[in-house]
Amino acid sequence: MPGSPSFRTRTVTLPPGGSRPHHEDEWRGALIVVDAGVIELRCTAGGRRRFGAGSVLWFTGLDLVLVHNPGERDAVFRGITRRTG
């Protein structure tokens, strides 16, 4: 549809027990949707919060250190951002 914004998605799959470091710029401005499994967000101050399938999150400004999969099956999440240009 002319004039409609285009969106870019990026999907990440974490195996059970897997983690990935969080880089603020990588997810800036993205809505995060947990598609499968559970992700645990770990903060610099030591806090942890878990989010399951169907959760919609925002990683910006949370002082995250990493995203971890505490579950027994793959965790899948995706970031959705507006395409620029």
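This text follows the structure it describes.
Residues numbered from 1 in each chain as written. Predicted model: local features only at pLDDT ≥ 70, side-chain atom pairs only at ≥ 80, totals over all residues. Heavy atoms only, no water.

Peer 1: Describe the sheet that holds strand β4 (residues 38-43), listing the residues and the values that go with them.
Peer 2: Pairing in this open sheet of 4 strands is antiparallel, and the strands run β2-β7-β4-β5 from one edge to the other. Two strands in the sheet have a free side with no partner beyond their single neighbour: β2 (19-21) and β5 (48-52). On average, each strand axis in the sheet is inclined to that of its neighbour by 20°, with strand direction left out of account. Here β4 runs beside β5; their pairing, made up of 5 bridges, is antiparallel. Pairing of R42 across the sheet is with R48, part of β5. (Pairing = 2+ DSSP bridges. Helix = DSSP H or I, 4+ residues; strand = E, 2+ residues; numbered from the N terminus. Axes fitted to C-alpha atoms, helices over the stretch in contact; angles between N-to-C directions.)

Peer 1: I'd like a rundown of the pattern of salt bridges, residues and numbers included.
Peer 2: Taken as a whole and judged by the stated rule, the model has 7 salt bridges. Between E40 and R42 there is a salt bridge, with the nearest N and O atoms lying 2.7 Å from each other. The shortest N-O distance in the salt bridge between E40 and R50 comes to 3.0 Å. Linking E40 in strand β4 with R50 in strand β5, this pair joins segments that are 10 residues apart in sequence. Owing to a relative accessible area of 4%, E40 belongs among the buried residues under this scheme. Look at R50 and you get exposed, because its relative accessible area is 55%. Ionic contacts of the salt-bridge type, sharing partners, join the residues E40, R42, R48 and R50 into one network. (Salt bridge = Lys/Arg side-chain N within 4 Å of Asp/Glu carboxyl O. Buried < 20%, exposed > 50% of the residue type's maximum accessible area, 1.4 Å probe, protein only.)

By themselves, these figures tell us nothing about what the structure is for.
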